Amino acid sequence: MRLGKGELAAKGYDKDNVLGDLTEAIIGAICLDGGLEEARKFVFRILKEAMDNENLLKPDFKSCLQIEVQNTDYRRNPEYITMSKDGPDHAPTFEVAVKWAGEIKG
């Protein structure tokens, strides 16, 4: 994976979105080169490795909230309202309110 100076400085090699994009590109390349069956084998192999590693399966708080809300009423999605943003542009910190069913929940 090649990263520019800015992304290297921001530790892009450790960002979930960058690693996810890289994984997607690898799966696409395997599919184009070896076919759908080879891509499927690769995906199942990396999923098995992730499932064997309990730390990779722990969802973050936002995911837990999404799951809970969708279990309650799958037709309504929570609304995330940015209350404030602080810190440098390459590593901002946000304060976010969650609104669901017309009410601020947290």
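The structure this text deals with has already been given above.
Residues numbered from 1 in each chain as written. Predicted model: local features only at pLDDT ≥ 70, side-chain atom pairs only at ≥ 80, totals over all residues. Heavy atoms only, no water.

Here's the deal with the overall build of the protein chain
This is how the line gets drawn: Each helix is a run of H or I in the DSSP string that is no shorter than four residues. Each strand is a run of E no shorter than two, and both are numbered from the N terminus. Radius of gyration here is computed from C-alpha atoms only, and the compact-globule reference equals 2.2 Å multiplied by the residue count raised to the power 0.38. For each residue, the accessible area found with a 1.4 Å probe, counting protein chains only, is set against the maximum for its type, and the residue is called buried under 20%, exposed over 50%, and partly exposed in between. Whether two residues are in contact is decided by their heavy atoms: any pair within 4.5 Å suffices. Here, Shrake-Rupley sampling with a 1.4 Å probe gives the accessible areas, and only protein chains in the shown set may cover a residue. We count Lys and Arg on the positive side and Asp and Glu on the negative side, and we leave His and both chain ends out. Charged groups are reduced to one reference atom each: NZ for lysine, CZ for arginine, CG for aspartic acid, CD for glutamic acid.
Looking only at helices and strands, the protein chain has four helices and three strands in total. The linear arrangement of helices and strands in the protein chain, starting from the amino end, is α-α-α-α-β-β-β. The C-alpha radius of gyration computed for the protein chain amounts to 18 Å, which surpasses the reference 13 Å derived for 106 residues by more than 25%, pointing to a less compact arrangement than a globule. Projected onto its principal axes, the C-alpha coordinates of the protein chain cover approximately 50 × 40 × 25 Å. Looking at the protein chain residue by residue over its 106 residues, the buried ones come to 9%. Expressed as a percentage of contacts within the protein chain between residues at least 6 apart in sequence, the contacts between residues at least 24 apart total 8%. For the protein chain, the computed accessible surface area is about 8900 Å², with 55% contributed by carbon and sulfur atoms. Of the side chains in the protein chain, 15 bear a positive and 19 a negative charge, and the two mean positions are spaced by 1 Å.

A few points about the sheet that holds strand S3 (residues 103–104)
Quick reminder of the rule: At least two DSSP bridges between two strands are needed for those strands to be called paired.
Across the sheet, three strands lie side by side as S1-S2-S3; this open sheet has antiparallel pairing. The open sheet has two free edges, formed respectively by strand S1 (79–86) and S3, since each of these has just one partner strand. Judged from the two bridges that link them, strand S2 (residues 93–100) and S3 form a sheet pairing that is antiparallel. Each bridged residue has a counterpart across the sheet, and for Trp 100 the counterpart in S3 is Glu 103.

A word on the pattern of salt bridges
Keep this limit in mind: Any Lys or Arg side-chain nitrogen located within 4 Å of an Asp or Glu carboxyl oxygen qualifies as a salt bridge.
Taken as a whole, this structure holds four salt bridges when the rule is applied. In this structure, the salt-bridge partner of Glu 7 is Lys 15, at a minimum N-O distance of 2.9 Å. Take Lys 15: its relative accessible area is 27%, and that puts it in the partly exposed class.

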